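Architecture and fold: a report
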Amino acid sequence: MDWVQVVIQGALLGGLYALFAGGLSLAFGIMRMVNLAHGDFIVLSAYIGLVIVQGTGMHPLAAIPFVVAIMAAAGYLLQRGLLNRVLGDDIMPPLLVTFGFSVIVQNLLLEIFSADTRGLQTGRLLTASLSVGAGLSIGWLPLITFAASVAVIAALQLLLARTSLGLAFRATSDDRTTARLMGIDTRHIYALAMAIAMGIVAIAGILFAVRTTFDPAGGPARLIFAFEAVIIGGMGSLWGTLAGGIILGVTQAIGFAIAPGIGLLFGHLAFLLVLFARPQGLLPRTRMEG
Amino acid sequence: MSLLAVRGLEAFYGDFQALFGIELDLDAGETVAVIGANGAGKSTFLRAVTGLLPARRESILFDGGPIGGIQAHEILAMGIAMVPEGRKLFPSLSVEENLRIGAYRRRPGPWTLDRVWSLFPRLAERRRQPGTSLSGGEQQMAAIGRALMSNPRLLLCDEISLGLAPVVVRDLYRALPGIVAEGTSLLVIEQDIGQALKIADRVYCFQEGRVTLSGDPTTLTRERIAAAYFGA
Ligand SMILES: Nc1ncnc2c1ncn2[C@@H]1O[C@H](COP(=O)(O)OP(=O)(O)OP(=O)(O)O)[C@@H](O)[C@H]1O
Ligand SMILES: [Mg+2]
């Protein structure tokens, strides 16, 4: 057993978890909204990718921009048309509505695609790896996934810190009423935040689908991983979310290496440990700071 | 013609009626003060004018056009900015970012970051600090600066003296005539009437959601103001 290899693979898997979590973290940070259908939207993105790949024959990774565009548009409309209406001081209505969406998405996927597991084939990329000496090798696909995750989080951070739109996101997150007095259309801002969150979901969905097979019931497990990454890292902190994803990935990988049956359990234990020792997460930041 | 004309404005919080037929006029270039005790309805009045509370469309006219009940972000774009009660700086934004967000709609006009820095030099020294790390007086300067960054035609100030030492209040009020000189009309709301009456061309006194007195502050006697204010 080569532990260095295990930790590296776990950390790279953590990049995928951070991508799962990025949209959840963003939506929570800006709107204080928890989207219970988040995991199902990840799986839905995988199926949209499947349809595009089957229809056009393009490489799955090349389909990412299209899936991002579709999911972002859907996210904008979903927020503007529905979720904005149920957001308020009471946290229950959005939870119930998104839970409903979770059920609907799972059943629609089941109806259309059946319960069979599917996969997105990346050909040689799936097994290609980079030898980094000392007997270590890193798969290209996990490496690409990790790089995508860092790029997404860095881009979000730049957006929040440097742009006028990012300023509006942070102001709206701080105090929605006062943001309106600044001339900010906060319903539009919320919808844009959801569009970005769903764009990240799309990237996560495709990178998930090229890594493992998927089926319509896989959403809730993805949601759990996303939750755990967000909470380990600290609510609303984007780099914390990446750190949370990596910690989750590494502990899962170590667990799998000890005995395949306890990998996921190890991840949950790490999550509980952090929750117990540091309920605010490792890099807590309750507001969206730049 | 009035820049702001309020005609029979009513406002509600659910079933509770907070304003009963407010009538008010403010001409371009004027400074108007609204005074009144706790709970008289002063902030409610500003919330209705800025679009945070629903109002009948024709009950508020801005530059001749009805604006009652229009969305708050559109009202700002038309040129009405507010310094809200309690300042309400954005805690996760620096002082400079708080000012920049005031310019979100990019309304053209004389007010820029540099102009605000020269109006309130103490803010410039603290531009990188979180807005909420400032002293109360500095926070109020930042809140005024933030509203100015939208280059408003009408600036509404809700109790800018609240919780501040008298010397600080005096400094803040010294800045206001310069703002009017740049072409912004001013409506100030105060409980502490001393400063407000000094700079106002006209004063309105609110009591329990109604206008109980209005006029030129130089001709109103202390007794009449006290009666209108406290309902004696
Ligand atoms: N959010 C609210 N919900 C219900 N009632 C409210 C709300 N805000 C204010 N009120 C009520 O409306 C009335 C007017 O309040 P408002 O805040 O406008 O007074 P004010 O003149 O600004 O007082 P102050 O000088 O204390 O700021 C009061 O009776 C108050 O209790
Ligand atoms: Mg008030």
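Just above, that's the structure.
First, a word on what this report is: a plain description of the structure on this page. Note that the structure is predicted; figures quoted are calculated from it, not measured.

**As for the interface of chain B and chain A**
Frequently, the measure chosen for interface size is the accessible area that the parts lose on association. Taken residue by residue, the interface counts 22 residues in chain B and 22 residues in chain A. Contact between chain B and chain A buries roughly 2000 Å² in total, counting both sides, with carbon and sulfur atoms accounting for 63%. A salt bridge links Glu97 of chain B to Arg170 of chain A, with the shortest nitrogen-to-oxygen separation between them at 2.9 Å. At the junction of chain B with chain A, the criterion picks out four residue pairs in polar contact (both at pLDDT 80 or more). Counting residues per element, the ones that place at least two in the side of chain B that touches chain A are α2 (72-78) and α3 (95-102) of chain B. For the side of chain B that touches chain A, the element with the most residues is α3 of chain B, which contributes four residues. Split into classes, the residues belonging to the side of chain B that touches chain A amount to ten nonpolar, six polar and six charged.

**Considering α3 of chain B**
Counted residue by residue, α3 of chain B has seven buried out of eight residues, so it is predominantly covered. Listing the buried residues of α3 of chain B in full gives Val95, Glu96, Glu97, Asn98, Leu99, Ile101 and Gly102 of chain B.

**Points about the sheet that holds strand β7 (residues 154-158) of chain B**
All names here are of chain B. Read across the sheet, six strands follow the order β6-β7-β8-β3-β9-β10 without closing on themselves; strand pairing throughout is mixed. Edge strands, defined here as strands with exactly one partner in the open sheet, are β6 (80-83) and β10 (210-215). Pairs of neighbouring strands in the sheet enclose a mean axial angle of 20°, with direction left out of account. Where strand β3 (residues 31-36) lies against strand β8 (residues 185-190), five bridges are found, and the strand directions are parallel.

**Quick word on the site of ligand 1**
Residue and element names in this part refer to chain B. Taken together, 15 residues surround ligand 1, and among them Asn38, Lys42, Ser43, Thr44 and Glu159 come closest. Gly41 is positioned with one of its backbone polar atoms (N or O) 2.9 Å from an oxygen atom of ligand 1. Thr44 places a polar side-chain atom, nitrogen or oxygen, 2.4 Å from an oxygen atom of ligand 1. For ligand 1, whose free accessible area comes to 630 Å², the fraction covered by protein is 64%. Within the residue set of the shell around ligand 1, elements represented by two or more residues are β2 (16-27) and α1 (42-49).

Rules behind the numbers
Counting of residues starts from 1 at the beginning of each chain's written sequence and follows it residue by residue. Whichever chain is written first is A, and whichever ligand is written first is 1; the rest continue in order. Selection of residues for local features in this predicted model requires a pLDDT of at least 70, selection of side-chain atom pairs for listing and counting requires 80 or more, and totals for whole chains, interfaces and linings are taken over all residues. As a rule here, side-chain values come from all non-hydrogen atoms in the structure, and water together with hydrogens is ignored. By definition, residues are in contact when any of their heavy atoms lie within 4.5 Å. Accessible area that two parts lose when put together, evaluated with a 1.4 Å probe and summed over both, is termed the buried area. Criterion for a salt bridge: a side-chain nitrogen of Lys or Arg within 4 Å of a carboxyl oxygen of Asp or Glu. Nitrogen and oxygen atoms within 3.5 Å of one another constitute a polar contact, given that in protein one can donate a hydrogen and the other can accept it, and given that sequence-neighbouring residues count only through two side-chain atoms. Helix and strand labels come from DSSP, where a helix needs a run of H or I of at least four residues and a strand needs a run of E of at least two; each type is numbered from the N terminus. We call Asp, Glu, Lys and Arg charged. Ala, Val, Leu, Ile, Met, Phe, Trp, Tyr, Cys and Pro are nonpolar, and the rest, Gly among them, are polar. For each residue, the accessible area found with a 1.4 Å probe, counting protein chains only, is set against the maximum for its type, and the residue is called buried under 20%, exposed over 50%, and partly exposed in between. Two strands form a pair only when DSSP identifies at least two bridges running between them. Note on definitions: angles span 0 to 180 degrees between N-to-C directions of axes, and those axes are lines fitted to C-alpha atoms, for helices only across the stretch in contact. Think of it this way: one heavy atom of a residue within 4 Å of a molecule or strand is enough to make that residue near it. All accessible areas in this document rest on Shrake-Rupley with a 1.4 Å probe, and a residue is counted as covered only by the protein chains that are shown.

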